[in-house]
Amino acid sequence: MAGPQRWRARAAMVALIVVLCLVACHGDILKEKNYDKQGRARGKKEKQPHPIKTVCVIPANIDKLKDGMSLFYSYKTEEASAWFEKMCYNTTVGELHDDCGCFFWAFRAHSGVNKTKLARLALDSALDIAPYDSKLLSINGEMLAETEGKFEAAAESFQEAAKYEHKGSDDYEKNLMRHYYNAATAYVQLARAEDAIAMYRKALDTEKGEDKWSMYNSIGLLLYDLERYDEAIEAYERALEIETDHTAVLRNLAGVYLKLDNVTAAIPLLRISAARDPDSFEAWFYLGSAYQRNDQHSYAAIALENATRISPRHTLAHKMAAESMAYAEDYRGAASHFKTAHRLLKNHSLYGGCDVLSGLGTVYMEVHEYKLAFDAYFGALQRCDCGLAPNPEECDQDPVSLLDMGLAELALGRVAAANMSLSAALEVSEAQGG
């Protein structure tokens, strides 16, 4: 038995040596005999994956692209697009199909002639080769957001760009800030306020972001929507520390105070806004609204009059100006603005706006123009006829319009008609539980 055992032991040793030799020599054998110089398997059509790169455009390789780049910079964008499509269609087709820089410039050329599908193919090919290039990731985010409307994927791509931004570059802080800002903007489009705020704060933490008042303003808007009013005030105040008396920020801050019913705090901010931006409709309109809420109708009338001069087709501004003028006993001005508001309403709807005509009727009653008052009240009843309402089954007749018309009829001496109107008003009110 000793002979066969020794033979089997020697055979096992020989087999082990052969295996070790194959393992040790495997790389060189494949390199020398089975693969060409580009790393593709000889005799096989399967394409091997590109080696992963962190930078797409390498200056040393630009010379190969000079013909296409020359066309691009000569504004021969269509020809440049065709050149790059031929040289690098995708990562398997084209003489320069393994050159990431070719795909980068192909993307630019295709985008320049609105060849969106080719541009996307070129960008995806570039990302296959250099998936950690922050510039490519940023461009990808922009394309996802602006062209394809894929905001969640865009936000993720922008954050990846920030993650792989080269820390040694001169523009590191600037680029980092931009990536986070773009991610925040994408989240805003998705109405994801908390995520947007987090990205804005990351942008503000960069050296280039700390002095960006606009981001504090954007955070304030988002916090307002989240009903976190104290934090919104802090954000707006921080923005104003950087950009003193910026009119939009002043209005936004005033808006928070108005939401909190602190009209006294809002008015000075809105006055500064209007003084610094006298051609702004918003500045005068919000100032007038604040004065009106504070029962300062003379000041409200002036501010709202300015608003209507800047935006003469703004129905609500005319209505509010008329109301404040009526309170301030400027009946001529009130009537003028009520009539303008009514005319604007008639231009775009058959129903609604009865309060405008009722207001006009009240002004005419104050100046004893009872026939004009009756016409206005009658017009209010017509405009608010439930038969004209978009959803008649949900419409309730307004008893106040009937009451106003009855009073106008009494003033005109039409006693019988007035009794009918007043009785109808009472019936409608009782039917509605009044």
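Worth saying up front: this structure is predicted, and the values here are computed from it rather than measured.

A. Focus on the packing of aromatic side chains. A complete count under the given rule lists 12 aromatic pairs for this structure. Residues Tyr73 and Trp105 carry aromatic rings whose centres are separated by 5.7 Å and whose planes lie at 65 degrees to one another, so their mutual orientation is edge-to-face. With a gap of 32 residues between them, Tyr73 in helix α2 (residues 66-73) and Trp105 in helix α4 (residues 100-112) connect regions that are remote in the sequence. Following the ring pairs from residue to residue traces out a cluster consisting of Phe72, Tyr73, Phe104 and Trp105.

B. Focus on the side chain of Asn182. By secondary structure assignment, the location of Asn182 is in helix α8 (residues 172-189). A relative accessible area of 17% places Asn182 in the buried class.

C. Geometry of the state of the cysteines. Throughout the structure, instances matching the rule amount to three disulfides. Shown here is the disulfide that connects Cys88 with Cys102, its sulfur atoms set 2.1 Å apart. Taking the torsion about the sulfur-sulfur bond, which here is approximately -85 degrees, the covalent link between Cys88 and Cys102 counts as left-handed. Taken as a pair, Cys88 in the loop between α3 (77-87) and α4 and Cys102 in helix α4 lie far apart in primary sequence, 14 residues in all. With respect to burial, Cys88 and Cys102 carry one shared label: buried. Disulfide pairing places Cys354 opposite Cys384 at an S-S distance of 1.4 Å. Of note, the bridge from Cys354 to Cys384 carries an S-S torsion of about -75 degrees and is left-handed in sense. A residue pair is termed long-range when its members are at least 10 positions apart, and Cys354 in helix α18 (residues 354-366) and Cys384 in the loop between α19 (370-383) and α20 (399-411) qualify at 30 residues.

D. How the structure looks around helix α6 (residues 134-146). When the terminal C-alpha atoms of α6 are compared, their 18 Å separation across 13 residues agrees well with the 18 Å that a helix rising 1.5 Å per residue should span. Buried residues dominate α6, accounting for 10 of its 13 residues. When we look at burial in α6, the residues that qualify are Ser134, Leu136, Leu137, Ser138, Ile139, Asn140, Gly141, Met143, Leu144 and Ala145. If you follow the buried residues of α6, they end up packed against α4, α5 (116-129), α7 (151-163) and α8.

E. Looking closely at the packing of helix α11 (residues 229-242) against helix α12 (residues 247-259). At their nearest, the axes of α11 and α12 sit 10 Å apart, and the two run at 160 degrees to each other. By the criterion of interaxial angle, the relationship of α11 to α12 is roughly antiparallel. Classified by chirality, the crossing of α12 by α11 is left-handed. Of the residues in α12, those touching α11 at Tyr229, Ala232, Ile233, Tyr236, Glu237, Ala239 and Leu240 are Val249, Leu250, Asn252, Leu253, Val256, Tyr257 and Lys259. For the contact of α11 with α12, the residue count by class is 11 nonpolar, one polar and two charged.

F. Representation of the nonpolar core within the structure. Core analysis: the largest hydrophobic core is formed by 60 residues, its most contacted members being Ile219, Leu253, Phe285 and Leu287. When residues in this core are grouped by element, the largest group, eight residues, is from α8. Excluding anything up to four places from it in sequence, Leu253 contacts Ile233, Tyr236, Glu237, Leu240 and Leu269. Residues Phe84, Ala126, Leu136 and Ala161 belong to the second largest nonpolar core, which totals 31 residues.

The rules behind the values
- Residues numbered from 1 in each chain as written.
- Predicted model: local features only at pLDDT ≥ 70, side-chain atom pairs only at ≥ 80, totals over all residues.
- Heavy atoms only, no water.
- Phe/Tyr/Trp six-rings, centres within 6.5 Å; stacked < 30°, edge-to-face > 60°.
- Helix = DSSP H or I, 4+ residues; strand = E, 2+ residues; numbered from the N terminus.
- Buried < 20%, exposed > 50% of the residue type's maximum accessible area, 1.4 Å probe, protein only.
- Disulfide = S-S within 2.5 Å.
- Expected span 1.5 Å × (residues − 1).
- Contact = heavy atoms within 4.5 Å.
- Axes fitted to C-alpha atoms, helices over the stretch in contact; angles between N-to-C directions.
- Parallel < 35°, antiparallel > 145°, perpendicular 65-115°, else oblique.
- Left-handed = near helix turned anticlockwise from the far one by under 90°.
- Nonpolar A, V, L, I, M, F, W, Y, C, P; charged D, E, K, R; others polar.
- Core = buried A, V, L, I, M, F, W, Y, C linked by side-chain atoms within 4.5 Å.

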